[in-house]
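# A look at the structure
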Amino acid sequence: TIIDVGVEKGTDFLTNKFPHAKYYLIEANPIFYEYLQNDFLKKFKGKLFKSAAGNEIAKKYLFDSGPISSFYARDDYKFKDKKLVSILPLDIILKNEEVQKNTLLKVDCEGGELDVLEGASNILNIVSYVIVELRLQKIKTYNPSHLISYLFQKDFIWSSILKIYYAKYGIDYIDILFVKKTK
């Protein structure tokens, strides 16, 4: 099982590697719902949850500009639109689903990654793998070491860098695989 938070139109590196997995898709931006329901879920097993994941129950404006959407303003990007969307902790979103060991949680939320993890305490007690997009510049939401420390406190260790995204002034963000420590 793969829990994909911030799925947009699908996470290719996951669907290519795990085409037979069950996908729990958590997406805040309504512009992707039709594609996810009518295309993605016709090719892959899974379920779409039309909500943002975070560390509280709330409604917030999601800034949108086609391929990029975020709850946070950016230094390098002007958003064209905003939409009021619901936010729920991941533990609430998935409370009626059977999440088991060996599940992978992927979080790519344009600066909201730590918020998502803070709302997923129960999920983090179960899953074995976490892939996080770790922002290093352009969005001022969390200190990257806080996110790494939070996962360490939840018994996850940094395993490997999956991808590095370069920008004009260095590394923009990296995708990191964290693995649950064996006891």
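Above this note sits the structure.
Presented here is an overview of the structure given in this document. (Residues numbered from 1 in each chain as written. Predicted model: local features only at pLDDT ≥ 70, side-chain atom pairs only at ≥ 80, totals over all residues. Heavy atoms only, no water.)

For the rest of this paragraph, the subject is the overall build of the chain. The helix and strand inventory of the chain stands at six helices and eleven strands. Relative to its length of 183 residues, the chain is compact, with a C-alpha radius of gyration of 15 Å against a globular reference of 16 Å. Seen through its principal axes, the chain has C-alpha atoms that stretch 45 × 35 × 30 Å. Sequence-distant contacts in the chain: of pairs separated by 6 or more residues, those separated by 24 or more amount to 61%. Only carbon and sulfur atoms are counted for the fraction: they give 51% of the accessible area of the chain, which is about 9,700 Å². Of the side-chain charges in the chain, 27 are positive and 23 negative, and the distance between the mean point of each set is 2 Å. (Helix = DSSP H or I, 4+ residues; strand = E, 2+ residues; numbered from the N terminus. Rg over C-alpha atoms; globule rule 2.2 N^0.38 Å. Contact = heavy atoms within 4.5 Å. Areas by Shrake-Rupley, 256 points an atom, 1.4 Å probe, with all protein chains shown as cover. Lys, Arg positive; Asp, Glu negative; His and termini not counted. Charge placed at Lys NZ, Arg CZ, Asp CG, Glu CD.)

This brings us to unusual backbone geometry. Despite not being glycine, Glu 110 shows a phi value in the positive range, around 45 degrees. Locating Glu 110 in the fold gives a position in the loop between β8 (104-107) and α4 (113-118). Residue classification places Glu 110 among the buried residues on the basis of a relative accessible area of 14%. Residue Asp 155 is not a glycine yet carries a positive backbone phi of 75 degrees. Relative to the elements of secondary structure, Asp 155 occurs in the loop between α6 (144-153) and β10 (156-167). (Buried < 20%, exposed > 50% of the residue type's maximum accessible area, 1.4 Å probe, protein only.)

Right, let's get into α6. Because each turn of an α-helix spans 3.6 residues, side chains separated by three or four positions end up pointing in the same direction. Along α6, the positions that sit buried rather than exposed are Leu 147, Tyr 150 and Leu 151. Taken around the axis of α6, the buried residues stretch over an arc of 95 degrees, which confines them to a single face. Directly after α6, the chain includes Asp 155, whose backbone phi takes a positive value near 75 degrees. (Arc of directions from axis to C-beta.)

This next bit is on the sheet that holds strand β11 (residues 170-180). With mixed pairing, the seven strands of this open sheet are ordered in space as β3-β2-β1-β8-β9-β11-β10. Edge strands, defined here as strands with exactly one partner in the open sheet, are β3 (45-50) and β10. For this sheet the average axis-to-axis angle between neighbouring strands, irrespective of direction, equals 15 degrees. Examined bridge by bridge, β8 and strand β9 (residues 129-135) share four bridges and lie parallel to one another. Paired with Val 107 across the two strands is Val 132, which belongs to β9. Taken strand by strand, helix α2 (residues 33-43) contacts β2 (22-27) and β3, and its axis lies near 165 degrees from that of β3. (Pairing = 2+ DSSP bridges. Axes fitted to C-alpha atoms, helices over the stretch in contact; angles between N-to-C directions.)

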